[in-house]
Amino acid sequence: MQTFKKEERLSRKKIVDQLFSEGKSFVVFPYRIVWMSYDLETNYPAQVLINVSKKKFKRAVDRNLIKRRTREAYRRNKESWYKFLEGNNFKCAFALLYISTEIASYKAIEEKIILSLQRLQSEYEKDIK
RNA sequence: UUAACAGUCCAUUCUAUCGUCACGCCUUUGGCGUGAAGGAAAGUCGGGACAACACAGAGCGCCGUACUUCCUAACGGGAAGGAUCCCGCCUCGGCGGGAGACAGCAAGUGCCACAGAAAAUAACAGCCUAUGUCGGGAUUCCGGCAGGUAACGUUGAAAACGUGAGGUAAGAGCUCACGUCCCGCUGUGGCGACAUAGCGGGAGGGUAAACCUUACGGGUUGAAAGGCCAUGUAUACCGGGAACAGAGGGCUGCUCGUCCAAUCCCGGGGGGUUGGCCGUUAGAUCCUGAUGGUGACAUCAGGGCCAGAUAAAUGAUAGAUUAAAAACAGAAUCCCGCUUACAGGGUUGUUAAUACA
RNA sequence: GGCCCCGUAGUUCAAUGGAUAGAACGGAAGUUUCCUAAACUUUAGAUAGAGGUUCGAUUCCUCUCGGGGCUA
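Residues numbered from 1 in each chain as written. Chains lettered and ligands numbered in written order. Predicted model: local features only at pLDDT ≥ 70, side-chain atom pairs only at ≥ 80, totals over all residues. Heavy atoms only, no water.

Engineer: Just give me the short version of the packing of helix 3 (residues 79–88) against helix 4 (residues 106–128), but keep the residues and values in it.
Structural biologist: Two elements in contact, helix 3 and helix 4, have axes whose closest approach is 10 Å; the angle formed by their N-to-C orientations is 15°. It follows from the interaxial angle that helix 3 and helix 4 lie roughly parallel. As helix 3 packs across helix 4, the resulting crossing turns out to be left-handed. Contacts between helix 3 and helix 4 involve Ser-80, Trp-81, Phe-84 and Leu-85 from the former and Leu-117, Leu-120, Gln-121, Tyr-124 and Glu-125 from the latter. Across the contact of helix 3 with helix 4, the residue classes tally to six nonpolar, two polar and one charged. (Axes fitted to C-alpha atoms, helices over the stretch in contact; angles between N-to-C directions. Helix = DSSP H or I, 4+ residues; strand = E, 2+ residues; numbered from the N terminus. Parallel < 35°, antiparallel > 145°, perpendicular 65-115°, else oblique. Left-handed = near helix turned anticlockwise from the far one by under 90°. Contact = heavy atoms within 4.5 Å. Nonpolar A, V, L, I, M, F, W, Y, C, P; charged D, E, K, R; others polar.)

Spelled out as structure tokens, the structure:
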């Protein structure tokens, strides 16, 4: 199902603090991805945090637009990522940080989200070895 | 009809698929139904509601406001009116439009660069010798001193009521006529600001978005306010200070008052929590109509329920209309204003042009 | 969300309401040197924006823009 419920989003301050102090990160422009394995109290295999900086986009309307496009792209393309995690019995907390200063179109964002999720899988495979 | 200007109103449409948040219902790992940002949600510039502090006291300090009357819960907001200034018109004293933080430098103090004698107390240059005195001269003349005197003195943003006459030694609102302005009193009109007429007194540079005076108002802190439940814990140790008597504390700059009071304060260092519920959306509410009022607005009647999240909800794709789905822009306790941003469209008024009658 | 503070040369700071807006470092040009550094001489460069009060505004007032701090 292409849902995006609240349980699929990262909201615990404790986990967020831990993620940003201990998590590993890489960049797939315009996103910076911070991730770590965490034993989440949910049925979903991953929780995601989407962030757009107020320093880079002054107006709330612009921030909302980017967050909505990112959320939409993640919702439509997360299926294989979930299958991978469930197949290996992993649970993952990660953050998508938008670091560009320009507003990207939906098509560009979707492309990069797919790339990011593939990169996350390969990072996990590296970690196992 | 078109264009310009001013005012006012509306503001990313419709269909399908997949999704987000809240509420309700059901056969509850889900499904169905309903609802889902703004005129500025923005800036946080005023004012309130609400909450805690003693539901709050006194004085000082500090801050704010400033023509009048009214509206409002309140306001620095709004309405109507007054005076002043600016613009336009003409039949020349009226009409129309616009502007502004519009109390008081006639209570005190300060400041006014450069220039100028001087920036307000005076002094200086100049003018006058009526009066006093001294000297010369010798009978009404000259000079000095004392004295009198005004805004006339190249400036400047600003120079001490204006013009004319009288008056005098020379002069001066010193006096008079006409005029300007200010203060007080009285009459008339108006709730009032004020207008107008008369009488009396007076003549003063500017600056209060300089200190200030007067009048009125403001207790302080803000929903990260505040209340409840759950979980968990240790003020171990070190340094400095206050105090064994009213130290310290009660969210207030100081003093007083009042209540609680034996350990308290500062720095280093350490332990625990960082979850949930309420506040939280029905209200100075919205729509329609009637009545009162010049108006802001008020009252009455009928009807409606219109986001409520807590890392924070509205998007994506395809199609249609269109020249182009397109401006400024996203609720976070709520409300009333102000200010600022803004594509397009509707509508009202004024002006100009064109066409027709 | 709430409450505050600050915007002056490229940088760090000055400047009672008096305008030619100052100083240090830095920049540019020149002198000196075989070349560089140092030294010396000269020079460019700024009041965040708009409006108001005032004869006059960096300074006082209002609005806008930008930056920063505090608050569990």
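Here the narrative resumes, following the displayed structure.
Engineer: Describe helix 4, listing the residues and the values that go with them.
Structural biologist: Between the first and last C-alpha of helix 4 there are 33 Å, a value that for 23 residues agrees with the 33 Å anticipated at 1.5 Å per step. Buried residues belonging to helix 4 abut strand 1 (24–28), strand 2 (31–37), helix 2 (60–77), helix 3 and strand 4 (92–98). (Expected span 1.5 Å × (residues − 1).)

Engineer: I'd love a proper account of the environment of Leu-117, names of residues and values included.
Structural biologist: Here Leu-117 shows up in helix 4. Residue classification places Leu-117 among the buried positions, given a relative accessible area of 7%. Leu-117 sits 43 residues away from Tyr-74 along the chain, and the two C-alpha atoms are 9.0 Å apart. (Buried < 20%, exposed > 50% of the residue type's maximum accessible area, 1.4 Å probe, protein only.)

Engineer: Tell me about the protein's contact with RNA strand B, and name the residues and values.
Structural biologist: The full set close to RNA strand B counts 20 residues, and Lys-6, Arg-59, Asn-64, Arg-68 and Arg-75 are the nearest of them. The sugar-phosphate backbone supplies 79% of the atoms of RNA strand B found within 4 Å of the protein. In this structure, a phosphate oxygen belonging to RNA strand B sits 3.4 Å away from a side-chain N or O atom of Arg-9. With eight residues, the single largest contributor to the surface near RNA strand B is helix 2. (Near = heavy atom within 4 Å. Polar contact = N/O pair within 3.5 Å; in protein donor to acceptor, adjacent residues only side chain to side chain.)

Engineer: Could you give an account of the confidence of the model for chain A, with specific residues and numbers?
Structural biologist: Segments scoring low in pLDDT should not have their predicted coordinates read at a detailed level. In this model, chain A carries an average pLDDT of 85, and 98% of its residues clear a pLDDT of 70 or more. For this predicted complex, the interface score ipTM comes out at 0.80, while the overall pTM is 0.79. (pLDDT = per-residue confidence, 0-100.)

Engineer: I'd love a proper account of the packing of helix 2 against helix 4, names of residues and values included.
Structural biologist: One can describe the packing of helix 2 onto helix 4 by two numbers: an axis separation of 9 Å at closest approach and a directional angle of 50°. As summarised for this structure, helix 2 and helix 4 are arranged oblique, according to the angle between their axes. Viewed along their axes, helix 2 and helix 4 form a crossing whose handedness is right-handed. Of the residues in helix 4, those in contact with Arg-69, Thr-70, Glu-72, Ala-73, Tyr-74, Arg-76 and Asn-77 of helix 2 are Tyr-106, Ile-109, Glu-110, Ile-113, Ile-114 and Leu-117. For the contact of helix 2 with helix 4, the residue count by class is seven nonpolar, two polar and four charged.

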